[in-house]
Amino acid sequence: MTDIYGSTRKKLADKLTELGEKPSRADIIFPALYGELIDDLSVLPLKKESLDTACGNFSLRLPECTDVLTSDGADKFLFRLSDGNTVESVLMKHGFGYNVCVSTQVGCNMGCAFCASGRLKKIRDLTVSEMVGQVLMIRRSLGERINGISIMGIGEPLENLANVLDFIDIMMYPKGFDIGIKHITLSTCGLVPKIYELADSASPVNLAISLHAPDDTLRRRIMPITGKYPLADVIGAARYYSDKNNRRVTFEYVMLDGINDSDKCAEKLSSLLGGLNCYVNIIRYNPSEGSPFRCSPHERIMTFYDILKKHGIGVTMRRELGASVGAACGQLRANGIDKLTNL
Ligand code: SF4
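Attention in this report is confined to the structure presented alongside it. (Residues numbered from 1 in each chain as written. Predicted model: local features only at pLDDT ≥ 70, side-chain atom pairs only at ≥ 80, totals over all residues.)

### Things to note about the packing of helix α1 (residues 9–18) against helix α2 (residues 26–34)
For any two helices packed against each other, the geometry comes down to the angle between their axes and how far apart the axes lie. Two numbers describe how α1 lies on α2: the axes approach to 9 Å, and their chain directions differ by 135°. Here α1 lies oblique to α2, going by the angle between them. Helix-helix and strand crossings are classified by hand; for α1 and α2 the assignment is right-handed. On α2, the residues that touch Arg9, Leu12, Ala13 and Leu16 of α1 are Ala26, Ile29 and Phe30. Residues of the contact of α1 with α2, tallied by class, amount to six nonpolar, no polar and one charged. (Axes fitted to C-alpha atoms, helices over the stretch in contact; angles between N-to-C directions. Helix = DSSP H or I, 4+ residues; strand = E, 2+ residues; numbered from the N terminus. Parallel < 35°, antiparallel > 145°, perpendicular 65-115°, else oblique. Left-handed = near helix turned anticlockwise from the far one by under 90°. Contact = placed C-beta atoms within 7 Å. Nonpolar A, V, L, I, M, F, W, Y, C, P; charged D, E, K, R; others polar.)

Written out as structure tokens, the structure is:
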């Protein structure tokens, strides 16, 4: 059986051809799956033979939602996958509508020191249908349209790029979720070759890079990936991304007290990013249990902000829970959502 939620429209059409069906039936099946949200293939408006083929060859398996925890305008959905592993997604209401933050891996191997999500080592990549399933289950329970997707839950999405690209393709299908490319944001810790690959793909969504330090020495301390991809290469890839797609790149910068929040850090960050079509998203750190870090004091954050501004760097500061959750790769828990588990 083929997992139907794992197929893009094109892959579904190819599969239908292989089964001796007209590929154009994909244009009946896809709107039914993602527009009408059917949960039974036997209700498809197809002739009996085609229905038998569909029911006999495709499964409609979705992750099981085991819990929904609500706090501060954000709902965290916990999902159990078919192999017993669990992932989480977050639904937030913004001014423009609903946004879902999805996970892309079970665990994460990137080892960012401030990230609670990364404490669980990667077990595996999520399949396309497991990513689609997170959004679909939330869409069903919400009963309203989803307007944006953040690919910045647990996991490093660029390590799972092929599946993530298919997931994006399904999210953008016009008669289904119909989410525009400018409403999809992917956050990475900076896997340089994959940033180029995404830039050259058919779906160059908004790119957010978790930066969190203005030089290699400091960044290596809190983000080990810097040993493999130094900042100069990350910035080069960001420039390519921005130039190729005429897109502003976001740099996430979480404020860690006494670590990366000095005036000198702000000056260095300004030099590093000067001339790049980008903005910095300053995030208040919300420590999870056992974290060795604390959030910088408010005055320090404001001074840091002012220095960036003075140098002409675009900068935003988001304090509300939902925005924080949607603001940084794997920061779901570090930014406060883990509090939900204590409710
Ligand atoms: S911040 Fe992102 S890349 Fe880093 S450990 Fe957490 S989930 Fe992984």
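### Points about the sheet that holds strand β9 (residues 148–151)
Overall, mixed pairing links the 10 strands, which are arranged β3-β4-β5-β6-β9-β10-β11-β12-β13-β14 in an open sheet. The open sheet has two edge strands, β3 (64–71) and β14 (314–318), and neither has a second partner. Geometrically, the sheet is characterised by an average inter-axis angle of 20° between neighbouring strands, direction not taken into account. By the bridge criterion, seven bridges tie strand β4 (residues 74–80) to strand β5 (residues 86–94) in an arrangement that is antiparallel. Counterpart to Phe79 in the pairing with β5 is Val87. (Pairing = 2+ DSSP bridges.)

### Re helix α8 (residues 231–245)
Relative to the 21 Å expected for 15 residues at 1.5 Å per residue, α8 spans 21 Å between its end C-alpha atoms, a close match to the ideal helical length. Along α8, the residues that are buried comprise Val234, Ile235, Ala237, Ala238 and Tyr241. What you see down the axis of α8 is that its buried residues fit within an arc of 160°, all on one side. Set apart from the buried face of α8 by more than 90 degrees, the exposed residues are Ala232, Asp243 and Lys244. Looking at the buried side of α8, the elements it contacts are α6 (192–199), β11 (206–210), β12 (249–255), α9 (263–273) and β13 (278–284). Trailing α8 by a residue or two, Asn246 shows a phi angle of about 50°, which is positive. (Expected span 1.5 Å × (residues − 1). Buried ≥ 20, exposed ≤ 12 C-beta atoms within 10 Å, placed from the backbone. Arc of directions from axis to C-beta.)

### Here's the deal with the environment of Lys22
Mapped onto the fold, Lys22 is located in the loop between α1 and α2. A residue is classified by how many C-beta atoms lie within 10 Å of it, and Lys22, with 12 of them, is exposed. For Lys22 and Arg300, which are 278 residues apart along the polypeptide, the C-alpha to C-alpha distance reads 63 Å.

### Observations regarding the environment of Tyr5
Along the polypeptide, Tyr5 turns up in the loop between β1 (2–3) and α1. Classification of Tyr5 as buried rests on a count of 24 C-beta atoms within 10 Å. Taking the C-alpha atoms as reference points, Tyr5 and Ser59, separated by 54 residues in sequence, lie 8.3 Å from one another. Once residues lying within four places of it in the same chain are set aside, the contact partners of Tyr5 are Leu62, Ser129, Val132, Gly133 and Leu136.

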